[in-house]
Amino acid sequence: MTIPTSSDNAKRPRTPLAGPYGHPFHPILVSVPIGAWVASLVFDIASRVSDDDAEMFAEGAFWLIGIGIAGALVAAIFGLMDLLTIPRGTAAFRTGLLHMGLNLAVVVIFIVNCLVREADGYESVKPLHLTLTIVALALLGASGWLGGKLAYRYGVRVADENTQAEGFR
């Protein structure tokens, strides 16, 4: 028998919309912006080294950034629902706030990147575009590390140990 603690609330969804117990939707949804933004970097690089298809890759990177922004906004809603389950004033809550702040910075950088590309004509990738993407992805990596810390160290929205043990019986 386990003794309930304040962290038990951080394991339970605040609302069924956030995903079932032990299987939150936020970690699933973040794969959309992460994948789109990493692919946009690949397209940026391809645009810089390609002779024949540079415009196609540059435009593809533009649209991938837009898809990533839309996906990030959806993932953020579910991340906020998970954040609201964490008791205030705890290390987990502070980590969650930093995770959220970095993610918001990443989205802002990609929005700026998208607007700059549109103003420049998105048929080519300029050094500024590439730099914004790389900086945003570096921040995204740091934020992902914090997200892993929330799940794997603090157990936010992770099933309790008794439930996890069922998988090893």
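Whatever comes next refers back to the structure up there.
Starting from 1, residues in each chain are numbered consecutively following that chain's sequence as written. Residues qualify for local features only when their pLDDT is at least 70, as the model is predicted, and side-chain atom pairs are given and counted only at 80 or more; totals for whole chains, interfaces and linings, by contrast, use all residues. Side-chain measures were taken over the full set of non-hydrogen atoms in the model, leaving aside hydrogen atoms and water.

A. Structural context of the overall build of the protein chain. Each helix is a run of H or I in the DSSP string that is no shorter than four residues. Each strand is a run of E no shorter than two, and both are numbered from the N terminus. For the protein chain, the helix and strand inventory stands at six helices and zero strands. Starting at the N terminus and walking to the C terminus, you meet the elements of the protein chain as α-α-α-α-α-α. Burial status across the protein chain gives 37% buried among its 169 residues. Here the Shrake-Rupley method, with its probe set to 1.4 Å, supplies the accessible areas, and only the displayed protein chains count as covering residues. For the protein chain, the computed accessible surface area is about 9700 Å², with 68% contributed by carbon and sulfur atoms. Exposed residues in this analysis have more than 50% of their type's maximum accessible area, buried residues have under 20%, and partly exposed residues fall in between, with area computed by a 1.4 Å probe over protein chains only.

B. Highlighting the nonpolar core. Each nonpolar core is a collection of buried residues, namely Ala, Val, Leu, Ile, Met, Phe, Trp, Tyr and Cys, held together in the definition by side-chain atoms within 4.5 Å. With 18 residues, the main nonpolar core has W37, I65, I69, V106, F110 and L137 as its most contacted residues. Those elements that provide at least two residues to this core are helix 2 (31–49), helix 3 (54–83), helix 4 (91–120) and helix 5 (127–153). Every residue in contact with I65, bar those within four places of it in the chain, is listed here: W37, S40, F110, N113, C114, R117 and T133. By size, the runner-up hydrophobic cluster in this structure holds six residues, among which are L83, I86, A92 and V156. We call two residues in contact when some of their heavy atoms are within 4.5 Å.

C. Here's a closer look at the packing of aromatic side chains. Ring pairs are drawn from Phe, Tyr and Trp, using the six-membered ring of Trp, whenever the two centres fall within 6.5 Å, and their geometry is named by plane angle: stacked under 30 degrees, edge-to-face over 60, tilted for the rest. Per the stated rule, a full pass over the model turns up six aromatic pairs. Aromatic pair F62 and Y122: ring centres 4.3 Å apart, planes at 10 degrees, arrangement stacked. Taken together, the residues span a long stretch of sequence, with F62 in helix 3 and Y122 in the loop between helix 4 and helix 5 at a distance of 60 residues. Between the aromatic rings of W63 and Y122, the centroid separation amounts to 6.5 Å while the plane-to-plane angle is 75 degrees, which identifies the pairing as edge-to-face. One end of the pair, W63, is in helix 3; the other, Y122, is in the loop between helix 4 and helix 5, and 59 residues separate them in sequence. Connected via pairs of aromatic rings, a cluster forms that spans F62, W63 and Y122.

D. Inspection of the pattern of salt bridges at higher detail. Salt bridge, as used here, is a side-chain nitrogen of Lys or Arg placed within 4 Å of a carboxyl oxygen of Asp or Glu. The tally for this structure, following the rule as stated, stands at two salt bridges. Across the pair D44 and R117 runs a salt bridge whose closest N-O atoms are separated by 2.7 Å. Of the two residues, D44 sits in helix 2 while R117 sits in helix 4, which places them 73 residues apart along the sequence. The partner of R157 in a salt bridge is D82, with the nearest N and O atoms 2.7 Å apart. With R157 in the loop between helix 5 and helix 6 (161–165) and D82 in helix 3, the pair connects residues that are 75 residues apart, well separated along the chain. Each member of the pair R157 and D82 is classed as buried.

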